Amino acid sequence: MSDCIFCKIISWEIPSTKIREDDTFFAILDVFPNTKWMTLVMPKTHYDSDLFEINDNEFYAQYLSAVQKVVNILKKWLKVNRIAMVTEGTWVNHLHAKLYPLHGIWPEWAAHETKKEIYFNQYEWYVSTQIWAKATPDQLQKIADEILNII
Ligand SMILES: [Zn+2]
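So, here is what we can say about the structure in this document.

Conventions used here
Residues numbered from 1 in each chain as written. Predicted model: local features only at pLDDT ≥ 70, side-chain atom pairs only at ≥ 80, totals over all residues. Helix = DSSP H or I, 4+ residues; strand = E, 2+ residues; numbered from the N terminus. Buried ≥ 20, exposed ≤ 12 C-beta atoms within 10 Å, placed from the backbone. Core = buried A, V, L, I, M, F, W, Y, C linked by C-beta atoms within 7 Å. Contact = placed C-beta atoms within 7 Å. Expected span 1.5 Å × (residues − 1). Pairing = 2+ DSSP bridges. Axes fitted to C-alpha atoms, helices over the stretch in contact; angles between N-to-C directions.

Quick look at the overall build of the protein
- A tally of helices and strands in the protein yields three helices and five strands.
- Its helices and strands taken in sequence order, the protein reads α-β-β-β-α-β-β-α from the N to the C terminus.
- With the principal axes as the frame, the protein shows a C-alpha extent of 55 × 40 × 30 Å.
- Counting across all 151 residues of the protein, residues that qualify as buried make up 17%.

Encoded structure:
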């Protein structure tokens, strides 16, 4: 797409800081990082940003494999133990995975709870993984019943 900023980055019409490229995928450091070395992984072919509208299992496998290669680069380079991935795609409408190095996380898995509680009634243009108040089994079952009535 001619007006897509990521297509322009992939074609080098707009400069970027590339950290990996193959025939199909392209990875760059985000120019607006909210943590050290936040990275974007995108297909070279333009796809709209809603990953779950693509409906191509072969593409999903290739894309996740490309993302994993970048994750491995970041883990080795930054010496971080985990990388989080988000694909909400609400700012640039070209499919991309945002990779957030989880700086300071422990090498061995352990449960972690934050002291902050946050709940969104609508999307606030960012994603949070913080928990909120614990739902009751009855509340969850009511929602599950509504979902199962739709499908
Ligand atoms: Zn594009």
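What follows continues from the structure just given.
A short note on the nonpolar core
- If you look at the biggest cluster of nonpolar residues, it comprises 21 residues, and the most contacted ones within it are Ala27, Val41, Met42, Val67, Val70 and Leu99.
- Counting residues per element, the ones that place at least two in this core are α1 (5-10), β2 (25-29), β3 (39-43), α2 (57-78) and β5 (97-101).
- No other element matches the six residues that α2 contributes to this core.
- Not counting the four nearest positions on each side in its chain, Ala27 is found in contact with Lys18, Ile19, Arg20, Thr39, Leu40, Val41 and Val70.

Remarks on helix α3 (residues 137-150)
- In this model, α3 (14 residues) spans 20 Å end to end at C-alpha, consistent with the 20 Å of a helix rising 1.5 Å per residue.
- Of all 14 residues that make up α3, zero are buried, and the element is exposed over most of its length.

Some thoughts on the pairing of strand β1 (residues 18-21)
- Pairing of β1 with β2 involves three bridges; the strand directions are antiparallel. Across the sheet, Lys18 pairs through a bridge with Ile28, a residue of β2.
- Between β1 and β2, which pair antiparallel in sequence order, lie three residues.

Things to note about the sheet that holds β3
- The five strands are arranged β1-β2-β3-β5-β4 in an open sheet whose pairing can be described as antiparallel. In this open sheet, the two strands that pair with only one neighbour each are β1 and β4 (83-86). Mean inter-strand twist for the sheet, computed between neighbouring axes without regard to direction, equals 20°.
- Relative to β3, β2 runs antiparallel, the two being bridged by five bridges. Bridge assignment links Leu29 to a residue of β3, and that residue is Thr39.

A closer look at the environment of Gln139
- Note that Gln139 resides in helix α3.
- Residue Gln139 is classed as exposed on the basis of its C-beta count, with 10 C-beta atoms lying within 10 Å.
- A C-alpha to C-alpha distance of 35 Å links Gln139 and Thr35, two positions 104 residues apart in sequence.

Concerning the pairing of β5
- Here β5 lies mainly inside the structure; four of its five residues are buried.
- Sheet analysis places β3 next to β5, joined by three bridges and oriented antiparallel. Within β5, the residue paired with Val41 across the bridge is Ala97.
- Where β4 lies against β5, four bridges are found, and the strand directions are antiparallel. Residue pairing for β5: Ile83 is matched across the bridge by Pro101.

Structural notes on the environment of Tyr119
- Position of Tyr119 among the secondary structure elements: in the loop between β5 and α3.
- Overall, Tyr119 belongs to the exposed group, with 9 C-beta atoms counted inside 10 Å.

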